[in-house]
Amino acid sequence: MFNYEKYLRVKKFPHIWCAGCGDGTILKSLLRAVDHLNLSKDEVVLVSGIGCSSRTPGYVDFNTLHTTHGRALAFATGVKHAKPDLHVIVVSGDGDATAIGGNHFIHAARRNIDITMILFNNFIYGMTGGQASPTTPLGAMASTAPYGSIEPNFNVSELAKSAGASFVARTTAFHTGQMENLFIKAISKKGFSLVEVIVQCPTAYGRRNKLRSPVDMLKWQKDHAVPVSAAAKMTPEQLEGKFTTGVLWDIDRPEYTDQYRRLIEKASGQC
Amino acid sequence: MSNKIKPVFVQGNHACVLGALKAGCRFFAGYPITPSSEIAEILAIELPKIGGRFIQMEDEIAAMGAVIGASLTGMKALTATSGPGFSLKQENIGYAVMTEVPCVIVNVQRGGMSTGLPTQSAQGDVLQSRWGTHGDHEIIVLTPSTIPEIYRLTIRAFNLAEKYRTPVILLLDEIIGHMREVLVEYDDADVERIERVRPDCPPDQYLPFKPDETDIPPMADFGSGYRYHVTGLCHDETGFPTNDPVKIDKMMQRLNRKISRYTDDIVEYQLDGNSDAPVLLMAYGSSARSARQALRIGDERGISMSLFQPLTIWPFPETAFQAAAAGKKKIIVVEANAGQMKREIERLVNRDIQVQLIGSLNGEPIHPEKILLAAGEVG
């Protein structure tokens, strides 16, 4: 039995998440990954912006930083650049990371700074009551898309890959074993790493979109996830409406704080 | 020995960099903007030479966020900007106030609103520097007027930020940011460098927002073994969010009190000229240079005046100003805006005293003759 309490601020429970929300599932996988990697709690900094997922840092016993809406990566960049030995992990939602924080998202990836970002993608603004986000699927209902969304949605993993991330993976709240493994890989990767986790929000998304129960939503995740290995053998028609899971991208590129360390050596005449 | 230090002929933005480095600043995050970019450009060269860190962020908001993140690890951190960027930084400046993270923000003012006059001067951000972020808060804002003053007040800005765990705004303007004067840097031995108070209790007993009698809680560096939570939400002494009105009130009152109760330590001003004169000038930043010139010419022409120059503009040196204003016939507020501090001055002085604005909105320095004309009207 895994000892979650080792990493939790138990006094801060119960958490604020709704019944059936998948954010707690992601938190559990994150703690298991940190434990697997044997990271010192003193050396982990968990940074977030604003939203449901961004309340995660409050519950864990690391150095925790709950910042302004969309800006988690900007603060995290300051932490990592100032103290590169720290393990900096960012948790963010789809609205936080790709709407108001979209600029920081693409530039953290471009810079390839050694930060792991876990993006809780529930297709909706949950905390503010169900408004459409940049990942709300075309046609889906939201409080600000009462006739169905007419905007195409972002593919956030492809966005990170194109912007320059070293490691990009996707999973769901249903696939907890895979999620833990991907978190381990992402945190171990030198450079900017993204794990997009598709997660259910029964309260703000499901009940507007014919997915009334958390079970319906988890089944949807299971039925629509296609492992990258299987996807490689499928036609675009067969993949229509589905999403790929697993490691989507994994390359080695120069990392920002490493590059800056070399710059310091050069500027200070040490090399 | 300070007499061994060679004088340098530098622009104000460069003096700001030299002051920051002297104060112990080792982190800068910024975004290109006229007329402050020299601060970023010079620090991009100088910081890595001494193991410090420079980063050009993707936007102004990110630069402010990165500075706060760096400060949380224990580094003295700086950002520099001008009007449009200052507007963009406001939300995160409020975050630094709320979470009590020391940092310094330089605003080299230019003409506004909007894109305004990027290469010309103004002092239109005086009230924004006081009230730019949302919510009720106290803030420290310094207004130098010469290159040596920029150097000294940049060092002071870092010291006040560390001492009071607060963002400090250094309000320059394009005129003094870009003009050059002689500067003699301080000898290291002569420089007071204040560091934030760090906790000395065992980590499991650390309450990050519980102050002692000073009202300023000790601040631990991220990664130093004191694991704690930082949030922009209203929080209690443990650092975690609360909706308890008693705890919220306690925190909000303390955040304001921790600046207001130290006003005497924070404010600096300079009083010059003939204190018995019927006319008092009030000017700061580059406008204080115009006022000082008017004072000199006035002396030759027999127009007697005195000059009150706040070097700390927020909190305003109210008591000292009221003493200087007592018995005057006229106060002339010289500022390159439409009267932002004039309203503050009217609030502070007896209604019998005439308060006149010599302002400017066209990007040009204020001509001393305008001041002399207004002063000469007093018999």
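Residues numbered from 1 in each chain as written. Chains lettered and ligands numbered in written order. Predicted model: local features only at pLDDT ≥ 70, side-chain atom pairs only at ≥ 80, totals over all residues. Heavy atoms only, no water.

Participant: Is there a simple way to think about the overall build of chain B in this case?
Facilitator: Across its full length, chain B holds 13 helices and 16 strands. Principal-axis analysis of the C-alpha atoms gives chain B an extent of 70 × 50 × 45 Å. By the burial criterion, 60% of the 379 residues in chain B qualify as buried. Considering only contacts in chain B between residues 6 or more positions apart, those separated by 24 or more positions represent 77%. Accessible surface for chain B amounts to roughly 14,600 Å². Of this, 52% is attributable to carbon and sulfur atoms. Measuring between centres, the 38 positive side-chain charges of chain B sit 1 Å from its 47 negative side-chain charges. (Helix = DSSP H or I, 4+ residues; strand = E, 2+ residues; numbered from the N terminus. Buried < 20%, exposed > 50% of the residue type's maximum accessible area, 1.4 Å probe, protein only. Contact = heavy atoms within 4.5 Å. Areas by Shrake-Rupley, 256 points an atom, 1.4 Å probe, with all protein chains shown as cover. Lys, Arg positive; Asp, Glu negative; His and termini not counted. Charge placed at Lys NZ, Arg CZ, Asp CG, Glu CD.)

Participant: Is there a simple way to explain the overall build of chain A in this structure?
Facilitator: Helices and strands together make up the secondary structure of chain A, namely ten helices and ten strands. A compact globule built from 271 residues would reach a C-alpha radius of gyration of about 18 Å, and chain A, at 18 Å, matches this within 12%. Each principal axis of the C-alpha atoms in chain A carries an extent, and together these give about 65 × 45 × 35 Å. Classification of the 271 residues of chain A by burial places 54% in the buried group. Across chain A, every contact between residues at least 6 apart in sequence was considered, and the portion connecting residues at least 24 apart equals 67%. Surface accessibility of chain A: about 11,300 Å² in total, with carbon and sulfur atoms responsible for 54%. One way to put it: in chain A the 30 positive side-chain charges average out to a point 3 Å from where the 23 negative ones average out. (Rg over C-alpha atoms; globule rule 2.2 N^0.38 Å.)

Participant: Looking at this structure, I do not really get the interface of chain A and chain B. What am I missing?
Facilitator: Taken together, the contact between chain A and chain B spans 38 residues of the former and 40 residues of the latter. Approximately 3,200 Å² of surface area, both sides summed, lies buried where chain A meets chain B, with 59% of it carried by carbon and sulfur atoms. For the chain A face of the interface with chain B, the top three residues by lost area are Asp42(A), His66(A) and Phe75(A), together amounting to 16%. Between chain A and chain B we count three salt bridges in total. We note a salt bridge from Asp42(A) to Arg227(B), for which the minimum N-O separation is 2.6 Å. Put simply, the parts of the chain that give the side of chain A that touches chain B at least two residues each are strand E2 (63-66), helix H2 (72-82), helix H4 (102-111) and helix H10 (256-267) of chain A. Among the elements that make up the side of chain A that touches chain B, the one with the highest residue count is H2(A) (seven residues). (Buried area = accessible area lost by both parts, 1.4 Å probe. Salt bridge = Lys/Arg side-chain N within 4 Å of Asp/Glu carboxyl O.)

Participant: In this structure, what is going on with the packing of helix H1 (residues 23-36) of chain A against helix H6 (residues 176-188) of chain A? I would like to understand it.
Facilitator: Geometrically, a packed helix pair is captured by the angle between its two axes and the distance between the axes. All names here are of chain A. Close contact between H1 and H6 brings their axes to 8 Å; oriented N to C, the two are set at 50°. On the basis of the axis angle, H1 is oblique to H6. Like other packed secondary-structure pairs, H1 and H6 cross with a definite hand, here right-handed. Where H1 abuts H6, its residues Thr25, Ile26, Ser29, Leu30, Arg32, Ala33, Val34 and His36 lie against Thr176, Met179, Glu180, Phe183, Ile184 and Ile187. Partitioning the contact of H1 with H6 into residue classes produces eight nonpolar, four polar and two charged. (Axes fitted to C-alpha atoms, helices over the stretch in contact; angles between N-to-C directions. Parallel < 35°, antiparallel > 145°, perpendicular 65-115°, else oblique. Left-handed = near helix turned anticlockwise from the far one by under 90°. Nonpolar A, V, L, I, M, F, W, Y, C, P; charged D, E, K, R; others polar.)

Participant: When you look at the state of the cysteines in this model, what are you seeing that I'm missing?
Facilitator: Two cysteines form a disulfide when their sulfur atoms are joined by a covalent bond. Per the stated rule, a full pass over the model turns up zero disulfides over all chains. As a non-bridged cysteine, Cys18(A) has Cys201(A) as the owner of its nearest cysteine sulfur, 6.4 Å distant. Given the relative accessible area of 41%, Cys18(A) is considered partly exposed. Sulfur of Cys234(B): no disulfide; nearest cysteine sulfur belongs to Cys103(B) and is 19 Å away. (Disulfide = S-S within 2.5 Å.)

Participant: What is the right way to read the sheet that holds strand E11 (residues 269-273) of chain B from this model?
Facilitator: Strand pairing in a sheet takes place through backbone hydrogen bonds and is either antiparallel or parallel in direction. Residues and elements named next belong to chain B. One open sheet holds the five strands; their spatial order is E11-E13-E12-E15-E16, and the pairing between them is mixed. Two strands in the sheet have a free side with no partner beyond their single neighbour: E11 and strand E16 (354-359). Each strand axis lies, on average, 20° off the axis of its neighbour in the sheet, ignoring direction. In this structure, strand E12 (residues 279-283) lies alongside strand E13 (residues 305-310), joined through four bridges in parallel fashion. Within E13, the residue paired with Val279 across the bridge is Met305. Along the sheet, helix H12 (residues 340-348) contacts E12, strand E15 (330-335) and E16; its crossing angle with E15, the most-contacted strand, is approximately 155°. (Pairing = 2+ DSSP bridges.)

Participant: Is there a simple way to explain a nonpolar patch on the surface in this structure?
Facilitator: On the surface, Phe9(B), Val182(B) and Val184(B) cluster together into a nonpolar patch covering about 290 Å² of accessible area. Of note, Phe9(B) is situated in strand E1 (residues 8-11). (Patch = residues over 30% accessible without salt bridge, like charges linked within 9 Å, V, L, I, M, F, W, Y side chains within 5 Å.)

Participant: So what exactly am I meant to see when it comes to the packing of aromatic side chains here?
Facilitator: Two numbers describe a pair of aromatic rings. These are the distance of the centres and the angle of the planes. Within this structure, the stated rule accounts for 21 aromatic pairs over all chains. With centroids separated by 5.6 Å and ring planes inclined at 65°, the aromatic side chains of Phe123(A) and Tyr205(A) adopt a geometry described as edge-to-face. Of this pair, Phe123(A) sits in the loop between strand E4 (115-121) and strand E5 (124-125) while Tyr205(A) sits in the loop between strand E8 (193-198) and helix H7 (214-224); the two residues are 82 residues apart in sequence, bridging distant segments of the chain. Residue Phe123(A) shares its accessibility class with Tyr205(A), and that shared class is buried. Judged by centre distance (4.8 Å) and plane angle (75°), the ring pair of Tyr151(B) and Tyr186(B) falls under edge-to-face. Highlighted residues: Tyr151(B) in helix H6 (residues 147-164) and Tyr186(B) in the loop between strand E9 (180-183) and strand E10 (229-231), separated in sequence by 35 residues. Look at Tyr151(B) and you get buried, because its relative accessible area is 0%. (Phe/Tyr/Trp six-rings, centres within 6.5 Å; stacked < 30°, edge-to-face > 60°.)

Participant: Any chance you could explain the sheet that holds strand E1 (residues 44-48) of chain A here in plain terms?
Facilitator: Ordered in space as E9(A)-E10(A)-E7(A)-E8(A)-E4(A)-E3(A)-E1(A)-E2(A)-E10(B), the nine strands form an open sheet in which the pairing is mixed. Two strands in the sheet have a free side with no partner beyond their single neighbour: strand E9 (225-227) of chain A together with E10 of chain B. Each strand of the sheet is rotated relative to its neighbour by a mean of 20°, with strand direction disregarded. Sheet topology note: the E1(A)/strand E3 (residues 87-93) of chain A ladder contains five bridges and is parallel. The residue of E3(A) that forms the bridge with Val45(A) is Val88(A).

Participant: Please clarify how the environment of Met219(B) should be interpreted in this entry.
Facilitator: Residues and elements named next belong to chain B. Relative to the helices and strands, Met219 resides in the loop between E9 and E10. When its relative accessible area of 0% is taken as the criterion, Met219 is described as buried. Spatially, the C-alpha atoms of Met219 and Gln340 are 35 Å apart, while their sequence positions differ by 121 residues. Not counting chain neighbours up to four residues away, the residues in contact with Met219 comprise Ser71, Leu72, Glu100, Val101, Pro102, Arg165, Arg196, Val197, Arg198, Pro199, Tyr206 and Tyr228.

Participant: Hey, could you run me through the domain arrangement of chain B in this one?
Facilitator: Reports often express the size of an interface as the amount of accessible area lost when the parts come together. Residue and element names in this part refer to chain B. Per the domain assignment, the segments making up chain B are domain 1 (2-190) and domain 2 (270-376). On a C-alpha basis, the centroid separation for the pair domain 1 and domain 2 is 26 Å. Taken together, the contacts link 28 residues of domain 1 with 24 residues of domain 2. When domain 1 packs against domain 2, close to 2,000 Å² is buried across both sides, 51% of that on carbon and sulfur atoms. Viewed at the interface, domain 2 and domain 1 are joined by one salt bridge. (Domains from an automatic or database assignment.)

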